[in-house]
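Per-entry structural report
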Amino acid sequence: MEYIDTHTHIADEAFAGEEEDYIRRALEAGVGKMLQADIDSKERERMFSLVERHPGVLFPMLGLYPGSVDANWRDEIDELERWKDRPVVAIGEIGLDYHYGADFAKEQREAFRIQLEWAAALNLPVNIHLREATEDFLAIVKDCSHLGLRGNMHAYSGSYETFLQLQRYGDWRLGIGGVVTFKCASLAEVVRKVPLDRLLLETDAPYLTPVPHRGTRNESAYIPLIAAKIAELKGTTLEEVAARTTQNAQELFGI
Ligand code: NI
């Protein structure tokens, strides 16, 4: 079986010096491709150099993470411009996050819109990080419907109704990760209802570790645990989940 981890952070300092072991364990677990979500200028150079050493296995995204939008956000956007000629599979992770307060909410919305426009101009999908800002997020994607957006909602935690609403403003998939293995009735319900051809597997490593490794560092090698839980919820086989989610990722990200 072949899996794709559509959202991970091998360039995170949690894996410093252990990247090769991380990749080896993932490949042994059948996770043949791993998409690297970009955060900000602190990690970007490291991410691209890792990707260069693993062609066909690691694939980069480019984007400014909403949690990194602060007083210097315009410099960060300018810095992104430097990398825009690189082949990337998505603009991400981008979006809105008001969890730690809304001090830079206006700036987050502005940075998000700029990057949605880039994605449209470059004909790339987007990888969305959304936390505690659903209303503003929906207002922006509605307003940007004309851009023909497509992408995935990373670590989706919304409702089935929000998923349906989203489809009116673009072509959206849901990224399902370790949270699906927690006792989380609302996500289980979403996974049961949303068709398998709308789901993608992801870890968000080093975060959101699935059961039974919860409480330790996450990694792409745990993707089969997430696939197994989805298979259980949907009453289908692991093979079916692996095949369909891999195909979904290949189609969306062109890999
Ligand atoms: Ni992430």
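Residues numbered from 1 in each chain as written. Predicted model: local features only at pLDDT ≥ 70, side-chain atom pairs only at ≥ 80, totals over all residues. Heavy atoms only, no water.

Counted under the stated rule, the structure contains 5 aromatic pairs. Through successive ring pairs, a cluster of aromatic residues spans Phe112, Phe137 and Trp172. Over the ring of Phe48 we find Arg86, and its NZ or CZ is 5.1 Å from the ring centre. The positively charged end of Arg214 is found above the aromatic ring belonging to Phe182, 3.5 Å away from the centroid. (Phe/Tyr/Trp six-rings, centres within 6.5 Å; stacked < 30°, edge-to-face > 60°. Lys NZ or Arg CZ within 6 Å of the ring centre and 35° of its normal.)

So, on to the nonpolar core. If you look at the biggest cluster of nonpolar residues, it comprises 70 residues, and the most contacted ones within it are Met34, Ile128, Phe137, Met153, Leu174, Ile176 and Ile230. In contact with Phe137, other than residues within four places in its own chain, are Leu96, Phe112, Ile128, Leu130, Met153 and Leu166. Judged by nonpolar contacts, the second largest core, of 11 residues, contains Ile4, Ala37, Val89 and Leu200. (Core = buried A, V, L, I, M, F, W, Y, C linked by side-chain atoms within 4.5 Å. Buried < 20%, exposed > 50% of the residue type's maximum accessible area, 1.4 Å probe, protein only. Contact = heavy atoms within 4.5 Å.)

Turning to the packing of helix H4 (residues 105–122) against helix H5 (residues 134–143), a few remarks are in order. Between H4 and H5, whose axes approach to 11 Å, the crossing angle comes to 35 degrees. Considering how the two elements wind past one another, H4 and H5 form a crossing that is right-handed. Between H4 and H5, the residues in contact are Arg109, Phe112, Arg113 and Leu116 and Asp136, Phe137, Ile140 and Asp143, respectively. For the contact of H4 with H5, a count of residues per class yields 4 nonpolar, no polar and 4 charged. (Axes fitted to C-alpha atoms, helices over the stretch in contact; angles between N-to-C directions. Helix = DSSP H or I, 4+ residues; strand = E, 2+ residues; numbered from the N terminus. Left-handed = near helix turned anticlockwise from the far one by under 90°. Nonpolar A, V, L, I, M, F, W, Y, C, P; charged D, E, K, R; others polar.)

Sheet strands line up and pair through hydrogen bonds in the backbone, either parallel or antiparallel. Reading across the sheet, the 8 strands line up as S1-S2-S3-S4-S5-S6-S7-S8 and stay open at both edges, with parallel pairing between neighbours. Strands with a single pairing partner mark the edges of an open sheet, and in this sheet they are strand S1 (3–8) and strand S8 (199–201). Averaged over neighbouring strand pairs, the angle between their axes works out to 30 degrees when direction is ignored. Here 4 bridges tie S1 to strand S2 (residues 31–36), and the two strands are oriented parallel to one another. Bridge pairing links Thr8 to Gln36 in S2. (Pairing = 2+ DSSP bridges.)

Our next topic: the coordination of the nickel ion. In the first shell of the nickel ion, the protein supplies His7 (NE2), His9 (NE2), Glu93 (OE) and Asp204 (OD), at 2.1 to 2.2 Å from the metal. Of note is the nickel ion, whose 4 donor atoms meet at the metal with angles of 86 to 175 degrees in an arrangement that counts as irregular. If you list the donors of the nickel ion from N- to C-terminus, the spacing comes out as H-x1-H-x83-E-x110-D. Separated by 195 residues along the polypeptide, His9 in the loop between S1 and helix H1 (19–28) and Asp204 in the loop between S8 and helix H8 (223–234) bring together distant segments of the chain. (Donors = N, O, S within 2.8 Å, 3.2 Å for Na, K, Ca; no water. Tetrahedral: all angles 85-135°; square planar, octahedral: opposite > 155°, others 65-115°.)

Right, let's talk about unusual backbone geometry for a bit. A cis amide bond links Gly92 to the next residue, Glu93, at an omega of 0 degrees. Residue Val211 is joined to Pro212 through a cis peptide bond whose omega torsion reads 10 degrees. In this structure, Glu132 takes a positive phi of about 55 degrees despite not being glycine. Tracing the chain through its elements places Glu132 in the loop between strand S5 (126–131) and H5. One non-glycine residue, Asp204, adopts positive backbone phi at about 60 degrees. Residue Asp204 is classed as buried on the basis of its relative accessible area of 9%.

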